[in-house]
Amino acid sequence: MAALLTMSLVGIGAIGAPWLAPYDPTAQLDLLTLKNQTPSWRHWLGTDAFARDVLSRVLFGARTSLWVATLSTAIAMITGAAWGALAASVSPRWTHTMMGAVDVLRSIPRLLLLLGAIVAFGVMSPTLLAVVLGLTSWTSISRLVFTKIRELDTRAFVEAARALGLSRPVILRRHLAPHLLAPLGAAGTLLLADLLAIESGLSFLGLGVKAPMPSWGNMVQDAVPFLQSAGWLAAIPCLLIMATVGSASAVATHVGAGSHALAPASIYS
Amino acid sequence: MTGGWRVGYRLGHACAVIATTLILSFALLHAAPGDALAADTAQGGRSPAARAEIRRQRGLDQPFAVQLAHYLGRIGHGDLGRSYTDQRSVRVAVMEALTRTLLLTGTGLLGAIACGLLVGILQGWRSDWWLSRALGAALTAVYAMPEFVLALLLLSVLAYGTGWFPMGGMYDPLIWVTGTPMERLLDTGHHLVVPAVTLALGWGAAVSRHQRVALLETVGADFMRTAVAKGVSPFRLLLRHGLRPSLPTVAAVIGLMLPVLAGGAVVVEMVFGWPGMGSLLVRATAARDVPMVGGAMVVITTAVTLSSLAIDLALHRLDPRQRVHAR
Amino acid sequence: MRRVRFLTATPRFVTVLALAAAAGCSSPEAKEGDDNRAATTTLTMVSAADADALIPPLVSTTQGKQVVDQLFDRLAEPVSPVETVGDGGFRPQLANGWSWSPDSLSIAFAINPKARWHDGIPVRAEDVRFSFALHTDPAVASPQRDAFEGIDSVTVRDSLTAVVWWHARHPEQFFQLAYNLLVMPEHLLASIARDSLGSSAFADRPVGSGRYRFERWARQQALVLTADRANYRGAPQVQRLIWVVAPDPAAANLRLLAGEADVLELVRGDAYVQARQSSRVRTVEYPSLDYGYLLFNYDRAVSGVPRLFADRTVRVALTQAIDRKAIVANALDSLGSVAMGPFTHATAGADTTLQQLAFDTAAASQALDARGWRRGADGLRRKGGRVLTFDLLFPSTSSTRQRMAVLLQEQFKRIGVTTTVTTVEPAVFGARLEEGTFDAALNVWRTDPSPSTVRQVWGSPRGSSSGANIGANFSRYRNATFDARIDSAAREFNPATRRALFRRAWQTIVDDAAAVWLYEPRNVAAVNRRVTPTDLRADAWWASLSAWQVEPTTPP
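The rules behind these values
- Residues numbered from 1 in each chain as written.
- Chains lettered and ligands numbered in written order.
- Predicted model: local features only at pLDDT ≥ 70, side-chain atom pairs only at ≥ 80, totals over all residues.
- Helix = DSSP H or I, 4+ residues; strand = E, 2+ residues; numbered from the N terminus.
- Rg over C-alpha atoms; globule rule 2.2 N^0.38 Å.
- Buried ≥ 20, exposed ≤ 12 C-beta atoms within 10 Å, placed from the backbone.
- Contact = placed C-beta atoms within 7 Å.
- Pairing = 2+ DSSP bridges.
- Axes fitted to C-alpha atoms, helices over the stretch in contact; angles between N-to-C directions.
- Left-handed = near helix turned anticlockwise from the far one by under 90°.
- Nonpolar A, V, L, I, M, F, W, Y, C, P; charged D, E, K, R; others polar.
- Arc of directions from axis to C-beta.
- Core = buried A, V, L, I, M, F, W, Y, C linked by C-beta atoms within 7 Å.
- Expected span 1.5 Å × (residues − 1).
- Parallel < 35°, antiparallel > 145°, perpendicular 65-115°, else oblique.
- pLDDT = per-residue confidence, 0-100.

Caption draft 1: The arrangement of the overall build of chain C in detail. Across its full length, chain C holds 17 helices and 24 strands. For 556 residues, the compact-globule estimate of 2.2 N^0.38 gives 24 Å, and the C-alpha radius of gyration of chain C, at 27 Å, lies within 12% of that figure. Summarising its shape, the C-alpha atoms of chain C cover approximately 100 × 80 × 40 Å along the three principal directions. A total of 556 residues make up chain C; the buried ones form 49% of that total. Within chain C, residue pairs in contact and separated by at least 24 positions form 68% of the contacts whose partners lie at least 6 positions apart.

Caption draft 2: Quick look at the overall build of chain A. Along its length, chain A carries 11 helices and zero strands. Moving toward the C terminus, one meets the helices and strands of chain A in the order α-α-α-α-α-α-α-α-α-α-α. Out of the 269 residues belonging to chain A, those deemed buried represent 55%. Taking as baseline every contact in chain A between residues at least 6 positions apart, the subset at least 24 positions apart corresponds to 72%.

Caption draft 3: Highlighting the sheet that holds strand β11 (residues 263-264) of chain C. Residue and element names in this part refer to chain C. Ordered in space as β8-β9-β10-β1-β11-β22-β12, the seven strands form an open sheet in which the pairing is mixed. Here the strands that pair on one side only, and so sit at the sheet edges, are β8 (212-218) and β12 (281-286). Pairing geometry for β8 and strand β9 (residues 222-227), over six bridges, is antiparallel. Residue pairing for β9: R213 is matched across the bridge by T226. Contacting β1 (42-47), β8, β9 and β10 (240-245), helix α2 (residues 62-71) runs over the sheet at an angle of about 20° to β9.

Caption draft 4: Representation of the sheet that holds strand β15 (residues 374-375) of chain C in the model. All names here are of chain C. Spatially, three strands are ordered β15-β16-β17 in an open sheet, and the strand pairing comes out antiparallel. Both edges of this open sheet fall to β15 and β17 (386-387), since each of them pairs with a single strand only. In this structure, strand β16 (residues 381-383) lies alongside β17, joined through two bridges in antiparallel fashion. What sits directly across from K383, in β17, is R386.

Caption draft 5: How the structure looks around the packing of helix α4 (residues 92-107) of chain A against helix α7 (residues 138-153) of chain A. Residue and element names in this part refer to chain A. For the pair α4 and α7, interaxial distance at closest approach is 9 Å and the crossing angle is 145°. Where α4 crosses over α7, the handedness of that crossing is left-handed. Across from M99, V102, L105 and R106 in α4, the residues of α7 making contact are T139, S142, R143 and F146. Residue composition of the contact of α4 with α7, by class: four nonpolar, two polar and two charged.

Caption draft 6: Structural detail: helix α8 (residues 269-277) of chain C. Residues and elements named next belong to chain C. Along α8, the residues that are buried comprise G269, A271, Y272 and A275. On an axial view of α8, the arc spanned by its buried residues comes to 160°, and they lie on one face. As for α8, its buried residues are in contact with α7 (249-258), β12 and β22 (523-528).

Caption draft 7: Summary view of the nonpolar core. Counting 324 residues, the largest nonpolar core has A151, L155, V271 and A296 of chain B as the members making the most contacts within it. Setting aside residues up to four positions removed in sequence, L155 of chain B forms contacts with Y160, M167, G168, V194, V271 and F272 of chain B together with A251 and L254 of chain C.

Caption draft 8: How the structure looks around the pairing of β10 of chain C. All names here are of chain C. In terms of burial, β10 is a largely internal element, six of the six residues being buried. The alternating pattern of β10 places R240, I242 and V244 and L241, W243 and V245 on opposite faces, both of which are buried. Here five bridges tie β9 to β10, and the two strands are oriented antiparallel to one another. Its bridge partner being in β10, L225 is matched across the sheet by L241.

Caption draft 9: Here's a closer look at α7 of chain A. Residue and element names in this part refer to chain A. In a regular helix each residue adds 1.5 Å, so 16 residues correspond to 22 Å; α7 covers 22 Å between its end C-alpha atoms and thus fits that length. Buried residues of α7: W138, T139, S140, I141, S142, R143, L144, V145, F146, K148 and I149, and no others. Against the buried residues of α7 lie α3 (54-89), α4, α6 (126-135) and α9 (168-204).

Caption draft 10: Inspection of the packing of helix α9 (residues 312-320) of chain C against helix α11 (residues 361-370) of chain C at higher detail. All names here are of chain C. Taken N-terminus to C-terminus, the directions of α9 and α11 make an angle of 155°; their axes are 8 Å apart at the nearest point. It follows that α9 is roughly antiparallel to α11 by the angle criterion. Seen from above, α9 lies across α11 with left-handed handedness. Contacts between α9 and α11 involve T313, V316, A317 and Q320 from the first element and A363, A364, A367 and L368 from the second.

Caption draft 11: Quick peek at the confidence of the model for chain A. When pLDDT is averaged along chain A, the result is 77, and 81% of the positions lie at 70 or above. Below a pLDDT of 50 lies the segment residues 257-261 of chain A, which in the model reaches 10 contacts outside its immediate sequence neighbourhood of four places, other chains included.

Given below as structure tokens:
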């Protein structure tokens, strides 16, 4: 499908950026004459306000944005799945405590945690940003895993496995995990889309990836003062964000039709 | 679980949330370099002696545990304190911001539900009709757009481009000062349209996603086809049997969006100059205004947990299926 | 199966839409009807932040100052351009005359007998005495408190004469008092505890003697002042002054272009271009008292060298490595010029003929080589195995400084100096400047009309270099010659000699390359064409708002 094609193109662009980009994304080529140039043969997507080649920045920006989104998704998935699986496997009292903790964490607005992390850590590298985002997004995954495992636990094959004397970790790994792949895959793709959108939104609040490292979000934000004179500077990264998020979202919905627990993630919650 | 136990559990949970949030925000702000007075240091501001005096007055030179204890004690008594930036009562400022935010996010949510229901129903009912696909794609595109781009776009096109709507703010100051209450009401409504539409479009996709899933299960079901074959009007059918199962989904969505509802949609608030909770929080955090941040967090988490409880109870009653699978 | 018609399936949605449209359609007429009915003139200013307080000693934001200057009066008001020596640069405001004592240690101000507070009570000398006490009270902790240093007290000779006493005479006595003291009503404020002024009823409804009285304030939203018809100085032409808050600059600009706001105090970039092209709006330039500079932390160990920046050769090399003109042209287009030193064109006695360090990368390279920092094969400079690198700090709220930092980084790279760019929140920025935990920083300083306040920023700290002593001298710069020259210039009464002495002092600091003086922004405001501003002062463009002329909006 078109969505998968888009995502793979973006992925290739991101991974291959150091080889594909014609210029260094942070090199300011000629401050006075090359500022805000429209697309031309030498610069396929033009230059930005600091006389940097936009195509190169877009490629490296894809790298940064996708790195943040992928890493945070991975962290969220791993933490969430582990917590959910654990909560479904221990004694009822611990289950209540663990899922109660999830409820508490879920109620804390993400924005506060982000703001807090920013102020506490000061400057955040993309990796640290990804960690913070990941650690604030795992609650919905854990609920998903928890509910699903609980459901599966009532099924016959699990009872059979238990009767056979298999230990819980083995049951989890061999019998339950395959059933979780589809919903987790869908949830993960959706979370990736959401986190990518969040990363770009953070630049507006001054909390995202910092200059001069390019990310699609901060490229859009930097281009806002020049919307009239150099509109493509904002339009290109914006359209790329939309295309990537949209296709990830489409893929996820297609794969995960039937998963009610796909919670929309945003900057606030 | 019986109703009473459930309510008790949820109230306990609410207290836990509020306490955790308070301690967390206090700790984070305390750990952050710089304090309320440092923000204007680079531009001059007060002399070092004056700064030291103010810090002493506020007890900022005490150890962390002492400060936290004092703070929690005051909150326990219901005293939310005074803002560090302008010494205004935190309770007044926060409640003011909360009502403004609820007006905006509430309207936005209504619009999102309407929008999402519409598209979701269309997609569920007639998933291969070009209009439902187009609308679905458009909604996803809007959802994928960075929020501030969407806000600026709507501001430029809907407000500036057509001239029908104001460029932001909650009301026209002149009408606010000289107008009749009715005029003021209409004026606020007029100012509400574009920011609420922004929110509605942005959230509509999420709602429609949930909606579509829920509806797919009922619309395709046999009983629906039987009813239509028997001659029941599809419209009535949709209302009665299609929408009823959607109500829990909608309630679930509202539940998930509660932190945003109470906490404010920062980006939209800042672009449209709508002075709500979101921008209050961002401003107070940047200014290290500890009482304000704490007060805002208390109010937000209280509002969220109480309404979450209400929704849970409502869900419990609305969806008969849920009653079977007790917790 | 019968098709369900699209519209009939969504009566709710359509109704909501219709209501919204109805609300939308009805209001434009209401707005124009308002102007018709009231037949008043209003002036709306849009700014990014709200005023913080409306009691003068508590105000620290410019928005607050703008409002407070309309609500309250000074004893004498400065004339543009502000002359800080003697009393020639002032005209009567609350005081309709004053007389100096023979030894110039005191001035007696005669209060205008027609002056009234907005609640009708006459203004008396006791109010002046009280206002001084409030401004200087440590419990109030006013940011302006230090400006009154040197004034001993204010006494009351009779109910219409207030006498101000100084410890010693100096050229800027009159300026110091008249510029900083805003007179407040004693009868309304005396009973309020000093440390809770900000939460008093007066803070929500201030009462002053200015040409505008307070009408309403919705925080973060709008602040409305209305003309004081019975004012002793005459009623202003503009009936209402309104400040609206629009945090996003793009949105603020749109409000101006759409005619919802009349004044936007600073436009840059695309907003500037749009204002120039618009038929509804025009641009107005006014002088600036800000300068942006790159400051070095003299006490810091950088790249393994203790107090690297205390070495003048290194500083000169770094200054010469930068093409300041190109950087300023890129970052600010035509809206800025290269800064000349710790002052601007609008500073009294500013001298544009100072000798500046030229842009010379060859000389810069040579100087660094001479100090032992040699370029390796990778282009980076090393000495004893350590790379020459330092960190550039700036606050995240300034887009100009962000651009400057990125541009500077590239320029330094060309001579082999690596820099890292760190951006932090304003609160952190202030804290790090104070503590000295930075290598180099980009700061913007708003100078005073009086050039002698440069002592606060560049004068040697008295005592150790701890945060408590440095004041605004974040660099921890020490230069006894500069201190002596500034002190002698500040003490000089003769204007010509004073100018020459300041010039000498500034040349000293520029030669010493104390910092890299980067840019002086050109302030351009965008105003609606029906507004005629008067007298835009560099330090306070809003000072004569009450004298601005505004054509009423014509109904269609």
